[in-house]
Amino acid sequence: MAMSVGGAGSDEKPLSDINTTPLVDVMLVLLIIFLIAVPVVVQSVELQLPKVEFEPTTTKPENVSLSIRGTGSECQVYWNLTPVSSGELRERAVKKLEDEVARQGGPNAPGVELPEVHIRGDVNTPYRCIGGTIYTMQSAGFAKVGFISEPEPGASPRL
């Protein structure tokens, strides 16, 4: 490797510029790799996701209102304002459903409308608490389980 240090009568300075050719070569190789790899990584299944809209809840006296709160390893479920354990929740749910079906004329009566379950869950509640409550209510026979949420400010209801 030769370097010019200037000879007699020459005002040239030594060359000290960095050779950027290897850097450009590496960057081009990385660009090509990412151009090939990104479409492979970004692949996803085509889905039509549901649009969330605010729908006012129609409260019926036969519907069940549950509130769920969870802290750490403990889940607290409230039937209206009464705290219940998971076993007691299932018993109450089965009894409520049986009473409602009997009130409407029995399981074979025309036009039997089953009550719904409305769940209010604290935002910090672990999913296992809410999931366990949904499972308990569905295993008791409730077909419709819905969630009560707080709409965004300024959202207009869908009628």
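What you see is a predicted model, and the numbers here were worked out from it, not measured in a lab. (Residues numbered from 1 in each chain as written. Predicted model: local features only at pLDDT ≥ 70, side-chain atom pairs only at ≥ 80, totals over all residues. Heavy atoms only, no water.)

*Asks:* Would you mind showing me how to read the packing of helix H2 (residues 86–103) against helix H3 (residues 127–140) here?
*Replies:* Between H2 and H3, the least distance of the axes is 9 Å, while the angle of their chain directions is 35°. Where H2 crosses over H3, the two elements pack in a sense that is right-handed. Where H2 abuts H3, its residues Ser86, Leu89, Arg90, Ala93, Val94 and Leu97 lie against Thr133, Thr136, Met137, Ser139 and Ala140. By residue class, the composition of the contact of H2 with H3 is 6 nonpolar, 4 polar and 1 charged. (Axes fitted to C-alpha atoms, helices over the stretch in contact; angles between N-to-C directions. Helix = DSSP H or I, 4+ residues; strand = E, 2+ residues; numbered from the N terminus. Left-handed = near helix turned anticlockwise from the far one by under 90°. Contact = heavy atoms within 4.5 Å. Nonpolar A, V, L, I, M, F, W, Y, C, P; charged D, E, K, R; others polar.)

*Asks:* Where do I start with the sheet that holds strand E4 (residues 117–121) in this structure?
*Replies:* Two pairing modes exist for strands in a sheet, parallel and antiparallel, and in both the strands are linked by backbone hydrogen bonds. Taken in spatial order, the 5 strands line up as E3-E2-E1-E4-E5 in an open sheet, and their pairing is mixed. Here the strands that pair on one side only, and so sit at the sheet edges, are strand E3 (82–84) and strand E5 (145–147). Adjacent strand axes in the sheet meet at a mean angle of 30° when their direction is disregarded. Where E4 and E5 come together, 3 bridges link them in parallel fashion. Bridging from a neighbouring strand, Val117 pairs with Val145 of E5. (Pairing = 2+ DSSP bridges.)

*Asks:* Is there a simple way to think about H2 in this case?
*Replies:* Three or four residues apart is the spacing at which side chains of an α-helix point the same way, because the helix has 3.6 residues per turn. For H2, built from 18 residues, the straight-helix expectation of 26 Å at 1.5 Å per residue is met to within 8% by its first-to-last C-alpha distance of 26 Å. Among the residues of H2, those classed as buried are Leu89, Ala93, Leu97, Glu100 and Val101. Take H2 and look down its axis: the buried residues cluster within an arc of 95°, on one side only. Structural note: H2 exposes Glu91, Glu98, Ala102 and Arg103 on the side pointing more than 90 degrees away from its buried face. Along its buried surface, H2 packs onto strand E1 (64–71), strand E2 (74–79), E3 and H3. Backbone geometry just after H2 places Gly105 at a positive phi near 110°. (Expected span 1.5 Å × (residues − 1). Buried < 20%, exposed > 50% of the residue type's maximum accessible area, 1.4 Å probe, protein only. Arc of directions from axis to C-beta.)

*Asks:* Honestly, a nonpolar patch on the surface in this entry has me stumped. Any pointers?
*Replies:* A cluster of nonpolar residues, Leu23, Val26, Met27, Val29, Leu30, Ile33, Phe34 and Val38, forms a patch on the protein surface that exposes about 740 Å² of accessible area. Looking at the secondary structure, you find Phe34 in helix H1 (residues 21–41). (Patch = residues over 30% accessible without salt bridge, like charges linked within 9 Å, V, L, I, M, F, W, Y side chains within 5 Å. Areas by Shrake-Rupley, 256 points an atom, 1.4 Å probe, with all protein chains shown as cover. Salt bridge = Lys/Arg side-chain N within 4 Å of Asp/Glu carboxyl O.)

*Asks:* Sorry, what's going on with the pattern of salt bridges here?
*Replies:* Where charged atoms of side chains with opposite charge meet at close range, the side chains can pair. Under the counting rule described, the total for this entry stands at 4 salt bridges. The closest approach of N and O atoms between Lys95 and Asp99, which form a salt bridge, is 3.1 Å. Here Lys95 pairs with Asp99, and both are found in helix H2, just 4 residues apart, close to one helical turn. Taking relative accessible area as the criterion, Asp99 reaches 40% and is therefore assigned partly exposed.

*Asks:* Explain the nonpolar core here, please?
*Replies:* The nonpolar side chains of a soluble globular protein tend to be buried, and buried together. In this structure, Val64, Leu66, Trp79, Leu89, Val117, Met137 and Phe142 are the most contacted members of the largest nonpolar core, which totals 17 residues. Within the residue set of this core, elements represented by two or more residues are E1, E2, H2, E4 and H3. Here this core takes 5 residues from H3, the largest share from any one element. Not counting residues within four places of it along the chain, the set of residues in contact with Met137 comprises Val64, Leu66, Trp79, Leu89, Ala93, Val117 and Phe142. (Core = buried A, V, L, I, M, F, W, Y, C linked by side-chain atoms within 4.5 Å.)

*Asks:* Sorry if this is basic, but what is going on with the environment of Gln76 here?
*Replies:* Among the structural elements, Gln76 can be located in strand E2. Accessibility expressed as a relative area gives 24% for Gln76, which makes it partly exposed. Spatially, the C-alpha atoms of Gln76 and Thr125 are 9.5 Å apart, while their sequence positions differ by 49 residues. Apart from residues lying up to four places away in sequence, Gln76 is in contact with Ser67, Ile68 and Arg69.

Note that every value here comes from positions in space, so none of it alone points to a role or purpose.
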